[in-house]
Structures are given as C-alpha cells and as structure tokens.
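The chain contents come next:
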Amino acid sequence: MRIFKLTLKALLALVLLAMAAAAVYVWRSFPALDGEVRAAGLAAPVQVRRDASDVTHIEARSQADAYFALGWVHAQERGWQLEFNRRVMRGELSEAFGATTLDTDKLMRRLGIMRAAKAQWAALPAEYKPLLVAYANGINAFHATGSQALPPEFHLTGVKPGAWAPEDSMGWALMMALDLGGNWGTEFARLAVLQRLDTQQLWQLMPPYAGDAPATAVDLAALYRSLNVYRPAGATPAKTAVNTHPLDEWARGLGHLEGIGSNNWVVAGSHTQGGKPLVANDPHLGLSAPAIWYFARIKAPALPGGKPLDAIGATLPGLPAVVLGRTAGVAWGFTNTGPDVQDLYLEQIDPANAKRYRTPEGWAEFDSREETIKVKGRPDEKLTVLSTRHGPVLSHGHAPYEEVIDTKRYALALRWSALDADNLTVAAGLRANYAQTADELFEAYSAHHSPMQSVVAADTQGRTAYQAIGRVPLRRPENDLRGVAPAPGWDAKYDWAGWIPASETPRVAHAAIEKKGWHATANQRIHGKDYPHFIGSDWNSAERFDRIETLLAKTPKHTAQSMRDVQADIVSLAAQRLLPILRATKSTHPQAEGALALFRDFDGTMSADGAAPLVLSVWADELTRGLVVPKIGEARFRSLYGKRTFRAGLETMLLEPKASASWCDPAGCGVDSAKALDRALDRIVAEQGRDVALWRWGKAHPAMSVHRPLGNVAVLARFFDVRVPTGGDPWTVNVGQYWASDPKMPFANRHAASLRAVYDLADLEKSQFIYQTGQSGLVFSSRYRDMSQEWAQVRYRTLQLNPSAWRHASTLTP
C-alpha cells in the first residue's frame, strides 16, 4: 500500500510538473507587447503600439527601421504563417509533412515560383531593395534573438523557422497572383468535359457571360478530336500522392475557385451626407486561421528627395507594405479584375524523339532541369521539370492531366504573365503607401503588373477614380481561340503579341463617377462592348454587382452606415431565379409539404437562421449532380465540381428549351427537380432531423477559417480552426462560397469577405474595418479569434492614424 501511495504521489507530482511546464511554455509563447524589447539590427529605437482596435502602429526614425519593425512584428505575431507560406512557395512542404504534400511541392517547382521571384528581385529598382532587405532582416532577427517561445505548430511538426530572404517577399506576391488567377484551370476544365460533350453542350454547362456569345466560334470538340488529344481508353495515368493539403486544388491542376471575387465601390461626395466621397471594400479570399491579413500602420520620415511614409490598413505577412487601406489623404480598395493572363498550349511531341516538341520553326528541345524535393520519412524525390517557349510544362508526371490528355503525343504548357522578370508589382505596392491623392495613387500603381486589380479610390480633396491596374496580353486578330481553351502551341497565331498599353486599361474618371454618383465593381465584366481590346471572357456572373447597383441607387445621400448595410446584404438574385422551379416541384417526401411551404414568402434572403436557404441550396446541388453526372461521368464531375458550382449552367439547362431537351429527362426538367428534392430532403433529415422548423442554413454554412495544416487533424482542428455560423451564398454581396464536393461539410463557407473596410473621406479617422479571426496567430491568445463574431455580425472597429489611447505600448531598441 505504501508503494502504491508513493507511486501515486510521484505520478501526481509528474502531472503537476508537466502542467507547470506547459503553463510556463504558454506564458513564454505570448509576444511582449509592452515595455522595451531588444531587436538586434535596428539603427534607432522604434515605437510599436497597439490601439483599442488592436491595430499595430509602427513609428520609426527611418524607413529601413520601419520595415525592419514590420518584419519583426509579423514574425512575432504570425511566425508559423510566415514559415508555412515560405515552404509553400518554395515547394518544401514535404520536408515537414511527408508525401501528402508532394503534389503541391511539385506544382510549385514546375511553375518555378522561386526562380521567377529571384529574376524579379534582380530586376527590382535599386531604391526598393533596401526596404525588402530590412523587412527580411526584421523577421530573421526576431527568430535569432527574440526570447519568445515558438508557437505550438513548430513543436507539433518538428519544424524550425527558416531564414526569410527578400526574394521570398517577391515570391509571396506571385503566390497572391496565383491565388487570384483561374483561367488556366477553366481552360483545362473545358478541355476535360469536351471529351464527353459536344461544343454546344459545353456552352450550356459553362455558359458565356450573360448577354455575350462564346468568345470563340471554333468547334472545340471537333478541334480536339481532329488533333487526337485525349488519352486512349485503357491507358494508365501516372500515380500521384494523395494530397490532403489545403492547397490541393492547385496541385490537382483543375483550376481555382469559380467566382474568385470581391466587392468595392466609391460614392461621389455629391451623393453623400458628409459632402465627401465614401469608399467600401471587401476582398473575397479563402478563409484561414490566422487570417491572411494583419492590420498595421507604418510611419517614417521621408528618404532624401522623397515623401514621408504614413499608411494604415491591411498588410500581408510576407510583404512589407499596406496593401489595402489609406493614408491621411487617400483611401483605396481592390477587387480582382479577372483578365485572361494564363494560356495553356498543347505542345506536340516529336514521335521520333520525345525530348523535342513542335514549334512554328520546326522541332525544338524541351528545356529541362532537375529538382530535388526532400520528403519526410522517405528518400528524396527527384523531379524533372520541362518547359517550352511558352512556359512550364504542367502535364507530365501529373495524374490529373494524364487522366485527360495523351501525354505521349502532347505536353501541356502554361504561359502566365506573372512569371515574367519585369513584374514590378512589389515596387508599385511600396510606392502606393506614399500617395496623398487619387492621382498620386494611380501614378504609383502604373508599375503594377500582376494580378490585375480593379481599384477604386477617393481623396480628401473630393476626387474619385476607378482604374484596372496591371498587365494584360494582346492577342492577334487571327487568334480564333482567344485563350478560351488550350491552343496548338506550334501555330504562331496563338502566341501573345505584346501588351495592352497601361494608358488603355479600363478606367472611369472623377467626372463620370460624379455624374452617376458612384462606381462599383464585383468581378463582373468591367468594360462596355465597345472596348477595343480583348481582356478576357470568364467574368463572374453579375448577381453581386447588380445587387450593389440596386442598393446604391436606392439611397440619395449615403453614409458610412449605408455602406455597411450594403456589405451586410444577403439577398441572392441567383436563388430568386430558381424559386419558380422549386415552387412548382412535386414531391411525396414526408418533409416535402413543410419544406415547400417555406418558399411561399421567401425572397432569396439567405439568412443563417432560416431553413429555406438550406433547402434551396441542397436541392440545387442535387439537381446539378443529377443533370451533369450522366453526361460527363462521376469521376470527371468530382474532379471539376465544388470549385465550380455550375449554377449558370444549371439555370441554362432549366430555363432554355434547347438546353433542357439536351440535359433533362424526356418528360421534362420537373422530373429531375422532383428526384433532386427527394434526395435533398433525405440529406437534410440525416443531418438536422425531421422537424423542418428546426432546420438552419447557418448550421450547414458556418464560416470555416481553417488552420494550415492542423485543420486537417480532427483532434487539433477544434482548437486551431475558427468557426462561426453565417448567412449568404456564393451570389450574395455578403458572400459565402462553399465547396459542394466536400464530403464532410459541402456547404461550409470557405471563401468570403477576408476583410471589410469603409472609408469616409469627410473624416478619415472614422474609417472602419473588420476581418474574420484576429491579429494574433497564437492559438493560446484571446486575440486569435476575437474578431470572428464581429465579422459574422458585420460589425466594425475603427481604423485611425491618431487613436485616443493605446492598449499596449512597446519600444524596439537596437
């Protein structure tokens, strides 16, 4: 008995010691937000203070020290995020996480993200290089000399912080361009479905922009059949790793999220109560924990012959600039323009020599290089990377492509403008932080390259402007494919022929905005049909834009509150268009009567506490599956659906008689609708029970800010992910995009307003913002998720250059 008691006491002591050690570790992992902090590498002390909104204010005696301090703060608050992102763009995830991330690493190596970043760093004007060096030094100094314990992710994965190089900032700008570019995936999706569909059916499944004809009149199905593009039946594609990483859609090679977008608008002072313009912005990005943004102010005196630096707003950990925000004189907001700056080329392989491909001048050898990828728990992976005169080859050794095309006959190469060495986007972003007027802002952005952004801006002088900034290729008049689908790479007519002049990108001047009262963008087609250049054809459908226009027109004199009301709007015009079909659907399902009764007075408001949005969304999903899978096959459907909703195609099939005859049951689409409703009700009953009164859209549609990579580990995800019920759908202003192909949570909101901001140029100190997690990247911190409820409820925090009080105040000293 005595031995038992002694053993029990020893175990208790060990538990207490472990608890004490854990408590000490947690305490040491918190950042030092007050007092004096030593930071080797500074030239002079830097004030780092947090205001009541938890915005970090950096005030330095030199711009180099300001950027050093920003790097230090990013490492202090978002150290794991920086390390993870560094590994993503370098193609070094597998060194930490094993073979599950090999596909992502291989894609980054094939694209040559860091090779391009190094070339762009070499071409960066000399005046900006010291600022990026200072930022990198700040990150590295924190890890080298800081006393703060590493966040738990480092210990759980066994990873150590790697050195951040200035080229990594260039690389992260490229990763943002990759995140916002989707045309290459859309091109491949068209190629893939044309293996089973004719060209008319393609344009029914993936319709052109409303009111437009397809951008190409070429019979694409006939073209690819004549070229014998597709993999022969029975051929075995290459095997690839099962990729469970959150970036697996990139690695799958089947494109990015359909409807990549954002909202922004500027209201002229003549249409506001304050007499000065209002600017609103909510960029839509994949939700992550911690969030992609970190809010900060950067202040420093002017360089010789230059301007002082004082900007506040959203920074990206990895980049030393305020990307979205304001200065004392001007405010701005971005949306993704969505031009076609990615073209796929079918490179014909020489049947006599597989190392050569066909060009307009004859056969040429593929450029080739060897890459080594370290893989945790197994030998290094050797990767042969090929490229052509157009760019990197994506197809070879990559199953998603080899499942479609005959890679003995063709390689698939990518031409993507963002990889060019003269990409000066980082320099443009740095320059913008000095602007005090709208004219100065757009002058700074004249060097912006990729990705093209639709920028609205206003200044305290009352001037407003809109301009699409960035580089878009010119296509030859004889280019009959116009980048819609993969082109024969040996035909020079499909090569790019230069660039649209920067002075000729779409824009709206102050006078025109003043006359109308506002200008808004929501990823719709940004130019009229009389615009002389072809920018692209894969615009987002216009539901969000149309709703914004309606709401702005309803109010004669706007305020910051009316801007917030528009950002909160959850009326779905896409849902409204399907209501007549759903209301006419017949069903004998036990829950059908109660479910259909929900739609008698339903107006398309996709509220989180409503049942009608849930029924409509699941029914539309089931109807899409029921109509499309028989045509293209289950495997092909799974590879494309989710990141694509096919909602425009569904509407075409249901509402256009010729399409209905091709896609629906011979007895009519009502038969398919009834079957889909029965399946949908079965799904909802299984998830939320039989009582229709208890069904809730928000339960199926929570905003999921997923941690990378620990959101993939169920036992850890509950701590590291940030989850909150939300309304909306992919077509509401307050957007909530979901991946319907997800087997576990098909309607979870995974792509939404990554931040919301409203700027009142009558008093910029009344500017407001919010985003979906919190400033801290430390899971133990109350600041890790303290904005989530405010974000879900569309509430805001102030964004001030001169706050009345400080929550925390520290000084970084050399």
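Residues numbered from 1 in each chain as written. Predicted model: local features only at pLDDT ≥ 70, side-chain atom pairs only at ≥ 80, totals over all residues. Heavy atoms only, no water.

Engineer: Please set out the state of the cysteines residue by residue, giving values where relevant.
Structural biologist: Tallying each qualifying case throughout the model produces one disulfide. Covalent S-S linkage joins cysteine 664 and cysteine 669, the inter-sulfur distance amounting to 2.0 Å. On the S-S bond that ties cysteine 664 to cysteine 669, the torsion sits near 85°, and the link is right-handed. No difference in accessibility class separates cysteine 664 from cysteine 669, as the two residues are buried. (Disulfide = S-S within 2.5 Å. Buried < 20%, exposed > 50% of the residue type's maximum accessible area, 1.4 Å probe, protein only.)

Engineer: Quick one: what's the story with the pairing of strand E8 (residues 309-315), residue by residue and with numbers?
Structural biologist: The buried count for E8 comes to seven of seven residues, which makes it a mostly enclosed element. Here seven bridges tie strand E7 (residues 294-300) to E8, and the two strands are oriented antiparallel to one another. Bridge pairing links arginine 297 to isoleucine 312 in E8. Of the strand pairs in this sheet, E8 and strand E9 (residues 322-326) are connected by four bridges, and their pairing is antiparallel. Across the sheet, glycine 313 pairs through a bridge with glycine 325, a residue of E9. (Helix = DSSP H or I, 4+ residues; strand = E, 2+ residues; numbered from the N terminus. Pairing = 2+ DSSP bridges.)

Engineer: So what's going on with the pattern of salt bridges? Residues and values would help.
Structural biologist: Inspection of every chain in the model, using the stated rule, returns 41 salt bridges. Here arginine 475 ties to aspartate 343 by a salt bridge, and the two come within 3.0 Å at their closest N and O atoms. With a gap of 132 residues between them, arginine 475 in strand E19 (residues 473-475) and aspartate 343 in strand E11 (residues 342-348) connect regions that are remote in the sequence. With respect to burial, arginine 475 and aspartate 343 carry one shared label: buried. For lysine 493, the salt bridge identified is with aspartate 480, shortest N-O distance 3.8 Å. (Salt bridge = Lys/Arg side-chain N within 4 Å of Asp/Glu carboxyl O.)

Engineer: With reference to specific residues and values, describe the confidence of the model for the chain.
Structural biologist: The predicted model of the chain averages 94 in pLDDT, with 95% of residues at 70 or higher. Note that pLDDT drops below 50 for residues 240-255; the model gives that stretch 56 contacts with residues more than four away or on any other chain. (pLDDT = per-residue confidence, 0-100. Contact = heavy atoms within 4.5 Å.)

Engineer: Let's hear about the pairing of strand E31 (residues 806-813): which residues, and what values?
Structural biologist: Looking at chain direction, strand E1 (residues 35-38) and E31 are connected through four bridges and run parallel. Bridge pairing in E31 places valine 37 opposite leucine 812. Two strands pair when backbone bridges link them, and strand E2 (residues 46-51) and E31 are joined in this way by six bridges, in the antiparallel orientation. Note that in E31 the partner of arginine 50 across the bridge is histidine 808.

Engineer: Please provide a residue-by-residue account of the packing of helix H17 (residues 543-554) against helix H19 (residues 573-583), values included.
Structural biologist: Contact geometry of H17 with H19 gives a least axis separation of 8 Å together with a crossing angle of 105°. Classified by the interaxial angle, the pair formed by H17 and H19 is roughly perpendicular. Here Glu543, Asp546 and Arg547 of H17 lie close against H19, whose contacting residues are Leu573, Ala574 and Arg577. Along the lines of polarity and charge, the residues of the contact of H17 with H19 split into two nonpolar, no polar and four charged. (Axes fitted to C-alpha atoms, helices over the stretch in contact; angles between N-to-C directions. Parallel < 35°, antiparallel > 145°, perpendicular 65-115°, else oblique. Nonpolar A, V, L, I, M, F, W, Y, C, P; charged D, E, K, R; others polar.)

Engineer: How would you sum up the side chain of arginine 326? Please name residues and give values.
Structural biologist: With respect to the helices and strands, the residue arginine 326 is situated in strand E9. Look at arginine 326 and you get buried, because its relative accessible area is 1%. From its side chain, arginine 326 meets the backbone oxygen of leucine 799 in a polar contact 3.2 Å long. Other than its neighbours up to four places away in sequence, arginine 326 contacts Ala311, Ile312, Ala331, Trp332, Tyr759, Leu764, Glu765, Ser767, Leu799, Gln800 and Leu801. (Polar contact = N/O pair within 3.5 Å; in protein donor to acceptor, adjacent residues only side chain to side chain.)

Engineer: Could you give an account of the sheet that holds strand E25 (residues 722-725), with specific residues and numbers?
Structural biologist: Ordered by their spatial adjacency, three strands build an open sheet running E6-E24-E25, and the pairing between neighbours is mixed. At either end of the open sheet lies a strand with only one pairing partner, and these are strand E6 (288-289) and E25. As judged from the two bridges shared by E6 and strand E24 (residues 702-707), these two strands associate in the parallel manner. When the bridges of E24 are listed, alanine 289 appears paired with histidine 707.

Engineer: So what about the packing of helix H21 (residues 612-632) against helix H23 (residues 647-655)? Which residues, and what values?
Structural biologist: Axis separation between H21 and H23 bottoms out at 10 Å; the angle between their running directions is 70°. Taken together, the axes of H21 and H23 lie roughly perpendicular to each other. Taking contact as the criterion, the partners of Ala620, Leu623, Thr624, Leu627 and Val628 in H21 are, on H23, Arg647, Leu650, Met653 and Leu654.

Engineer: Just give me the short version of the sheet that holds strand E20 (residues 487-488), but keep the residues and values in it.
Structural biologist: A sheet is described by the order of its strands in space; here three strands give the open sequence E16-E11-E20, paired in mixed fashion. If you trace the sheet from one side to the other, it starts and ends with strand E16 (410-416) and E20, each paired once. Here seven bridges tie E11 to E16, and the two strands are oriented antiparallel to one another. Looking at the pairing, leucine 344 lines up with leucine 414 of E16.

Engineer: Pulling in residues and values, what's your account of the side chain of glutamate 549?
Structural biologist: With respect to the helices, strands and loops of the structure, glutamate 549 is situated in helix H17. By relative accessible area, glutamate 549 is classed as buried at 15%. In this structure glutamate 549 touches Lys516, Trp518 and Ala520, once residues within four positions along its chain are discounted.

Engineer: Which residues make up H21, and what values go with them?
Structural biologist: With 21 residues, H21 extends 30 Å from end C-alpha to end C-alpha; this agrees with the ideal 30 Å at 1.5 Å per step. Buried residues dominate H21, accounting for 17 of its 21 residues. (Expected span 1.5 Å × (residues − 1).)

Engineer: How would you summarise H17 if you had to cite specific residues and measurements?
Structural biologist: Here H17 contains twelve residues, and its C-alpha end-to-end distance of 17 Å stays within 8% of the 16 Å for a straight helix at 1.5 Å per residue. Every buried residue of H17 is accounted for by Glu543, Arg544, Phe545, Arg547, Ile548, Glu549, Leu551 and Leu552. Buried residues along H17 sit in contact with strand E4 (262-267), strand E5 (278-286), helix H16 (510-516), strand E23 (518-521), helix H18 (560-567) and H19.

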